[in-house]
Amino acid sequence: MSILIKNVILNNKKQDIFIDGNIIKKIADFIDEKADEIIDCYQEKAIIPGLYNMHTHSAMSLLRGYADDMDLMDWLQNKIWPQEAKFTQEDIYWGSKLAMLEMIKTGTLFFNDMYFFP
């Protein structure tokens with residue numbers, strides 16, 4: 001499968017990118033190649049390298065937004081740690097799956113998890 005990305009912002013200028021299979025074959029100001037799929041970014045989208053998350057507690061995605069208006073230690077000691085103490089291995093599994101789907105969707109290529117039940 002080939003993909004031609006048109007009018008994407010790369011290094012602060014409009015570029016086209018041609019991808020064949022999983023290899024970037026060409027980056028230029030204008031590419032006129034036949035492709036299975038053409039994505040036109042209309043100069044409103046930027047392309048960036050994949051992201052690496054080197055420190056995460058992925059299953060904490062289940063606690064997102066829970067009492068997030070508190071001072072750190074009060075939040076941890078009185079809200080987060082008591083909830084985490086109730087988590088089962090299965091809770092951690094599904095919370096981690098949710099976090100992984102979100103990371104894939106937002107361009108994270110690698111993550112290093114630091115949570116319970118690795």
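The preceding data block contains the structure.
Residues numbered from 1 in each chain as written. Predicted model: local features only at pLDDT ≥ 70, side-chain atom pairs only at ≥ 80, totals over all residues. Heavy atoms only, no water.

Bringing the pattern of salt bridges into the picture now. Enumeration over the complete set of coordinates arrives at three salt bridges. A salt bridge links Asp 16 to Lys 6; the nearest nitrogen and oxygen atoms lie 2.5 Å apart. Residue Asp 16 is found in strand β2 (residues 13-20), and its partner Lys 6 is found in strand β1 (residues 2-10); the two are separated by ten residues along the sequence. The closest approach of N and O atoms between Lys 13 and Asp 29, which form a salt bridge, is 3.3 Å. One end of the pair, Lys 13, is in strand β2; the other, Asp 29, is in the loop between β3 (23-28) and β4 (37-40), and 16 residues separate them in sequence. Classification of Lys 13 by relative accessible area gives partly exposed; the value is 43%. Take Asp 29: its relative accessible area is 45%, and that puts it in the partly exposed class. (Salt bridge = Lys/Arg side-chain N within 4 Å of Asp/Glu carboxyl O. Helix = DSSP H or I, 4+ residues; strand = E, 2+ residues; numbered from the N terminus. Buried < 20%, exposed > 50% of the residue type's maximum accessible area, 1.4 Å probe, protein only.)

Let us look at the sheet that holds β4. Across the sheet, which stays open at both edges, the four strands sit in the order β3-β2-β1-β4 with mixed pairing between neighbours. Each edge of the open sheet is held by one strand with a lone partner, namely β3 and β4. For this sheet, the mean angle separating the axes of adjacent strands, direction not counted, is 20 degrees. Bridging between β2 and β3 involves five bridges; their strand directions are antiparallel. Counted as the bridge partner of Asp 16 is Ala 28 from β3. (Pairing = 2+ DSSP bridges. Axes fitted to C-alpha atoms, helices over the stretch in contact; angles between N-to-C directions.)

Such coordinate-based values are descriptive only and should not be taken to indicate function.
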